[in-house]
Amino acid sequence: MKEYRIGEFIKQRRIELGLTQEELCEGICEPSTMSRIENGKQTPSRTKLSVLMQRLGLPDDRYYALLSDNEAKIADLQKEIVSCNVLGKKEHGLELVAQLEALADPDDTAIRQFMLRSRVILGKKENGEVRPYSFEEKIEMLFQAIRLTSPGFCLEGIENGLYGVDEVKVINQIAGVYSDLGQNEKAIKIYQQLFQYIRNHFQNILQSGGLFPLVAFNYAREFILTGDYEEALKMGKLAWQACVKYGQYRYLPATIALMAESYHFLNKDEKSKELYRQSYYLYQAVDNEKGVQLVESEMQQYFGKNILFSI
């Protein structure tokens, strides 16, 4: 197989997709920088390389730029911040974001975007306490984040954009905030476009496989909230399949519980009970006490006490 320098590889793929240098690098770097990268005159940073490869629909874990000590520290900090986001370690997460801000290049829009969306999740420190941002603040911050790398972003044209993994996650967060505001139809329209984009663009990228079950689960959840249980089941099944295909089992217990709830409201209680039991034991297996309690609460609400051991 013929080997290409990374710049040649990017150029070849860009031409295959019919993209100009300006379209590919918008919000990430200047077209002149893009030209130097393609001509092998400049090595892209880790963050720029990742976004460019993701926008091209390519697995960014196979092609490496040499990491400086600073870039290696930044990569480690990002992983720690993501862990804090997941585990709810808000105060520590904010401390790490401050460290990342001190290390990062102020012109690195991808890192700035990552910090903004992380702050939306973690909250802000006021009077010695970490407090959540208001819904209005979250929306403002997330639109600011997505427009750092996609200046022309609008909710009505999501499918026509060009995004990397983190950009998709920002749009997913925007939909989530609208859902929390009770604007479920608006959230559904966002998830619909985002889901289609992922299906068309990221179908061959294992590293970004977590996007599919994440967005499919949130999409299904919106149908639950609007009472469209048949559609919730369809999307839930797709999310389940994606969890298994991509090894993204983090979303599996919640997806199965969501499907169980849908079956209950469709008057298919035996199937609902079967799925609730599966979800319960999966949550137990990963020591997710919050998930266990949520499933127990729903089972008791819908079927009565001790239903777990009587089905």
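Note that the structure is predicted; figures quoted are calculated from it, not measured. (Residues numbered from 1 in each chain as written. Predicted model: local features only at pLDDT ≥ 70, side-chain atom pairs only at ≥ 80, totals over all residues. Heavy atoms only, no water.)

S.K.: Quick question: what am I supposed to make of the overall build of the protein chain here?
M.R.: Of the regular secondary structure elements, the protein chain holds 15 helices and 2 strands. Computed over its C-alpha atoms, the radius of gyration of the protein chain comes to 21 Å, within 12% of the 19 Å expected for a compact globule of 311 residues. For the protein chain, the spread of C-alpha atoms along the principal axes amounts to about 70 × 50 × 35 Å. Each of the 311 residues in the protein chain was classed as buried or not, and the buried ones make up 50%. Surface accessibility of the protein chain: about 16,100 Å² in total, with carbon and sulfur atoms responsible for 47%. Charged side chains in the protein chain number 38 positive and 43 negative. The centres of these two groups are separated by 3 Å. (Helix = DSSP H or I, 4+ residues; strand = E, 2+ residues; numbered from the N terminus. Rg over C-alpha atoms; globule rule 2.2 N^0.38 Å. Buried < 20%, exposed > 50% of the residue type's maximum accessible area, 1.4 Å probe, protein only. Areas by Shrake-Rupley, 256 points an atom, 1.4 Å probe, with all protein chains shown as cover. Lys, Arg positive; Asp, Glu negative; His and termini not counted. Charge placed at Lys NZ, Arg CZ, Asp CG, Glu CD.)

S.K.: How do you make sense of the confidence of the model for the protein chain when you look at a structure like this?
M.R.: The predicted structure's coordinates, where accompanied by low pLDDT, should not be read in detail. Of all residues in the protein chain, 91% have pLDDT values of 70 or greater, and the mean over the chain is 89. Least confident of the elements in the protein chain is helix H4 (residues 46–55), whose mean pLDDT is 86; most confident is helix H13 (residues 252–265), at 97. (pLDDT = per-residue confidence, 0-100.)

S.K.: Got a minute to help me understand the packing of helix H9 (residues 165–180) against helix H10 (residues 184–201) in this structure?
M.R.: When two helices pack together, you describe them by how their axes are tilted relative to each other and by the distance separating the axes. Axis separation between H9 and H10 bottoms out at 8 Å; the angle between their running directions is 160°. With respect to their mutual orientation, H9 and H10 come out roughly antiparallel. Crossing of H9 over H10 shows left-handed handedness. Across from Val168, Ile171, Asn172, Ile174, Ala175, Gly176, Tyr178 and Ser179 in H9, the residues of H10 making contact are Asn184, Lys186, Ala187, Ile190, Tyr191, Leu194, Tyr197 and Ile198. (Axes fitted to C-alpha atoms, helices over the stretch in contact; angles between N-to-C directions. Parallel < 35°, antiparallel > 145°, perpendicular 65-115°, else oblique. Left-handed = near helix turned anticlockwise from the far one by under 90°. Contact = heavy atoms within 4.5 Å.)

S.K.: Can you walk me through the environment of alanine 220 in this structure?
M.R.: Within the secondary structure, alanine 220 is located in helix H11 (residues 211–225). Overall, the relative accessible area of 0% leaves alanine 220 in the buried class. Residues in contact with alanine 220, not counting those within four places in the same chain, are Ala232, Met235, Gly236 and Leu258.

S.K.: How do you make sense of the environment of methionine 141 when you look at a structure like this?
M.R.: By the secondary structure assignment, methionine 141 is in helix H8 (residues 135–149). Methionine 141 sits 40 residues away from glutamate 101 along the chain, and the two C-alpha atoms are 16 Å apart. Filtering out sequence-adjacent residues up to four positions away, methionine 141 remains in contact with Leu116, Arg119, Val120 and Tyr133.

S.K.: Before we go on, may I ask you to explain the nonpolar core in this structure?
M.R.: A general tendency of soluble globular proteins is for nonpolar side chains to be buried together. Judged by nonpolar contacts, the single largest core of 61 residues is most densely connected at Phe153 and Ile174. The greatest single-element share of this core, amounting to 9 residues, is contributed by H11. Core analysis: the second largest hydrophobic core is formed by 19 residues, Tyr251, Met259, Tyr276 and Met299 among them. (Core = buried A, V, L, I, M, F, W, Y, C linked by side-chain atoms within 4.5 Å.)

S.K.: Would you explain the packing of aromatic side chains in this entry?
M.R.: Aromatic rings in a pair are described by how distant their centres are and how their planes are angled relative to each other. Applying the stated criterion to the full structure yields 13 aromatic pairs. Aromatic side chains phenylalanine 143 and phenylalanine 153 sit 6.1 Å apart centroid to centroid with 55° between the ring planes, which places their arrangement in the tilted category. Residue phenylalanine 143 is found in helix H8, and its partner phenylalanine 153 is found in the loop between H8 and H9; the two are separated by 10 residues along the sequence. In terms of burial, phenylalanine 143 and phenylalanine 153 fall into one category: buried. Three or more aromatic residues joined by ring pairs make a cluster, and in this case those are Tyr191, Phe195, Phe212, Tyr219 and Phe223. (Phe/Tyr/Trp six-rings, centres within 6.5 Å; stacked < 30°, edge-to-face > 60°.)

S.K.: So what exactly am I meant to see when it comes to helix H5 (residues 69–87) here?
M.R.: Residues lying three or four places apart along an α-helix face the same way, a consequence of the helix completing one turn every 3.6 residues. Under the 1.5 Å per step criterion, the end-to-end length of H5 is 27 Å for 19 residues, consistent within 8% with the ideal 27 Å. The set of residues buried in H5 consists of Glu71, Ile74, Ala75, Leu77, Gln78, Ile81, Cys84 and Asn85. On its buried side, H5 packs onto H4, helix H6 (90–103) and helix H7 (109–122). (Expected span 1.5 Å × (residues − 1).)

S.K.: Honestly, the packing of H9 against H11 in this entry has me stumped. Any pointers?
M.R.: At a closest axis distance of 11 Å, the pairing of H9 and H11 adopts a crossing angle of 15°. Taken together, the axis directions place H9 and H11 in an arrangement best described as roughly parallel. In this structure, the crossing between H9 and H11 has a hand that is left-handed. Of H11, the residues touching H9 (which contributes Val165, Val168, Lys169, Asn172, Ser179 and Asp180) are Leu211, Leu214, Val215, Asn218, Arg221, Glu222 and Leu225. When its residues are assigned to classes, the contact of H9 with H11 shows 6 nonpolar, 3 polar and 4 charged. (Nonpolar A, V, L, I, M, F, W, Y, C, P; charged D, E, K, R; others polar.)

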